[in-house]
Amino acid sequence: MSLRRWLASLIHQSGTAGWRLRRYRQRLPILAYHRILDDDTDLASLADPGLFSTRVSDFRRQVDWLTRHADCVTFNTLGQARRCPVIITFDDGYEDNYRLAWPVLRDAGIAGVFFVTTDFIDHGQPLWFDRVAVALRQHDGKLPGGIMPPPEAEHRYGSALEQCLRWMKSMDDSRRIEVLTALEQNLSKTNLSHHRPMSWDQLREMAASGMEIGSHSCSHAVLANETRSRIRNELLQSRQRIEDETGKPCRSLAYPVGGEAATNPIVIDEARKAGYQHACSYISGINHRPPADPMQLHRLHVELDQSLYEFTSTLAFPSVFGYRS
Ligand SMILES: [Zn+2]
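The rules we used
- Residues numbered from 1 in each chain as written.
- Predicted model: local features only at pLDDT ≥ 70, side-chain atom pairs only at ≥ 80, totals over all residues.
- Helix = DSSP H or I, 4+ residues; strand = E, 2+ residues; numbered from the N terminus.
- Rg over C-alpha atoms; globule rule 2.2 N^0.38 Å.
- Buried ≥ 20, exposed ≤ 12 C-beta atoms within 10 Å, placed from the backbone.
- Axes fitted to C-alpha atoms, helices over the stretch in contact; angles between N-to-C directions.
- Left-handed = near helix turned anticlockwise from the far one by under 90°.
- Contact = placed C-beta atoms within 7 Å.
- Nonpolar A, V, L, I, M, F, W, Y, C, P; charged D, E, K, R; others polar.
- Domains from an automatic or database assignment.
- Pairing = 2+ DSSP bridges.
- Expected span 1.5 Å × (residues − 1).
- Bend = angle between axes of the 7 residues up to and from the residue.

*Asks:* Before we move on, can you summarise the overall build of the protein chain with the specific residues and values?
*Replies:* Helices and strands together make up the secondary structure of the protein chain, namely 14 helices and 12 strands. Against the globule reference of 20 Å for 325 residues, the protein chain gives a C-alpha radius of gyration of 19 Å, in line with a compact fold. Taking the principal axes of its C-alpha atoms as reference, the protein chain extends roughly 55 × 50 × 35 Å. Per-residue burial for the protein chain yields a buried fraction of 45% across its 325 residues.

This is the structure:
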């Protein structure tokens, strides 16, 4: 057992993690999930296992622990928290959020925030990073000739997929589409049914049960790489789309990609002007309550290889256990 895991088990089993969380009256931890995995799915069958945050049975254990020590609320119901508030968020809008995550939240009597990419919900076309993962798998994990990330990306990151994703996150959307088209050239058509979005019917059902539906932009473009007018359209149109479909106000946002390079002062300014009241990055950390800047909220990442002990220790000691963005 690694030192990290040993320390986490000590913190969890001694009750320290729960004790620390219960004392967080002036803190606002926000958890960031993406996809949820069935218990019986083989990881080797997935093009990009890195997009899965947890298996459903582990998610149930995490929620069970959270509800014993904190009030799981949404941005809309934050003011109702009596104990430490924790906000559970999901990015992107995959159908496993409806099929696997929502029933767990509903059974526990709590709500979460689902940030959806509205073009993905509208058209079902897999998100660009899913298409990259599927294409690379068909290329046996190697980039085809003629597609070369800059050498610094190659040295800094491990797998070809990680190199390629990091590189493509630095592009604007039109350049990214060019590279993606080149990557997918000459590939046979693959089954992308594993990458389905939720439907608007499903989202309406979730919203009616108290889940908060927030925006993750229209196209999942990296907003900091786009023009001001494109940023404005992505933020305004996605919010409008969600409100039209769910009939509920959409006031929360998760910046696509969400790391240090995903936003800049223009993006944050446009998000505020578009009417959002809370916006999450993917930068690891815990927020003060009230937050210093509600348009730059940090989140704690939940990762597939995290044990329950690491999950609870990350909440209790984020600077020690929190994953870096
Ligand atoms: Zn995303």
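*Asks:* Which residues make up the packing of helix α6 (residues 128–138) against helix α8 (residues 160–169), and what values do they have?
*Replies:* Angle between the axes and distance between the axes are the two parameters that describe a pair of packed helices. At a minimum axis separation of 10 Å, α6 and α8 run at an interaxial angle of 145 degrees. The element α6 and its partner α8 pack so that their crossing is right-handed. Residues Phe129, Val132, Ala133 and Leu136 of α6 lie in contact with α8, whose contacting residues are Ala160, Leu161, Cys164, Leu165 and Met168. In terms of residue class, the contact of α6 with α8 is built from 9 nonpolar, no polar and no charged.

*Asks:* Please provide a residue-by-residue account of unusual backbone geometry, values included.
*Replies:* With an omega dihedral of 0 degrees, the bond running from Arg289 to Pro290 counts as a cis peptide bond. Tracing the chain through its elements places Pro290 in the loop between β11 (287–288) and β12 (297–301). Non-glycine residue His220 carries a positive phi angle of around 65 degrees. Inspection of the secondary structure assignment puts His220 in the loop between β8 (212–215) and α11 (228–246).

*Asks:* Which residues make up the domain arrangement of the protein chain, and what are the values?
*Replies:* Entries for the protein chain in the domain assignment read domain 1 (3–124 + 197–321) and domain 2 (128–184). One C-alpha centre belongs to domain 1, the other to domain 2; they are set 26 Å apart. With 9 residues of domain 1 in contact, the opposing surface of domain 2 contributes 10 residues. Taken together, the residues of the side of domain 1 that touches domain 2 break down into 4 nonpolar, 3 polar and 2 charged.

*Asks:* Please set out the environment of Thr246 residue by residue, giving values where relevant.
*Replies:* Tracing the sequence through the fold places Thr246 in helix α11. By the C-beta count within 10 Å, which is 20 here, Thr246 ends up buried. It is 37 Å that separates the C-alpha atoms of Thr246 and Ser188, two residues lying 58 residues apart in sequence. Among all residues touching Thr246, those that are not within four sequence positions of it are Leu203, Arg204, Ala207 and Ile213.

*Asks:* Break down the pairing of β8 for me, citing the residues and quoting the values.
*Replies:* Both faces of β8 are covered, namely the face carrying Glu212 and Gly214 and the face carrying Ile213 and Ser215. The pairing of strand β7 (residues 113–116) with β8 spans 4 bridges and is parallel. Considered in β8, the bridge of Phe115 is made with Gly214.

*Asks:* Give a detailed account of the environment of Thr181, specifying residues and quantitative values.
*Replies:* With respect to the secondary-structure elements, Thr181 resides in helix α9 (residues 173–184). For the pair Thr181 and Ile87, spaced 94 residues apart in sequence, the C-alpha separation works out to 37 Å.

*Asks:* Describe helix α4 (residues 95–108), listing the residues and the values that go with them.
*Replies:* Along its 14 residues, α4 runs 20 Å from first to last C-alpha, staying within 8% of the 20 Å computed at 1.5 Å per residue. At Ala101, α4 shows its strongest bend, of approximately 40 degrees, with the proline Pro103 following within four residues. Along α4, the residues classified as buried are Asp96, Asn97, Tyr98, Leu100, Ala101, Trp102, Val104 and Leu105. Directly beyond the C-terminal end of α4, a positive phi value near 75 degrees is found at Gly109.

*Asks:* So what about the pairing of strand β2 (residues 30–33)? Which residues, and what values?
*Replies:* Burial along β2 is two-sided: Ile30 and Ala32 and Leu31 and Tyr33, pointing in opposite directions, are all buried. When β2 meets strand β6 (residues 85–92), the two strands line up parallel, connected through 4 bridges. For Ala32, the partnering residue across the bridge sits in β6 and is Thr89. When β2 meets β12, the two strands line up parallel, connected through 2 bridges. Across the sheet, the residue bridging to Ala32 is His301, located in β12.

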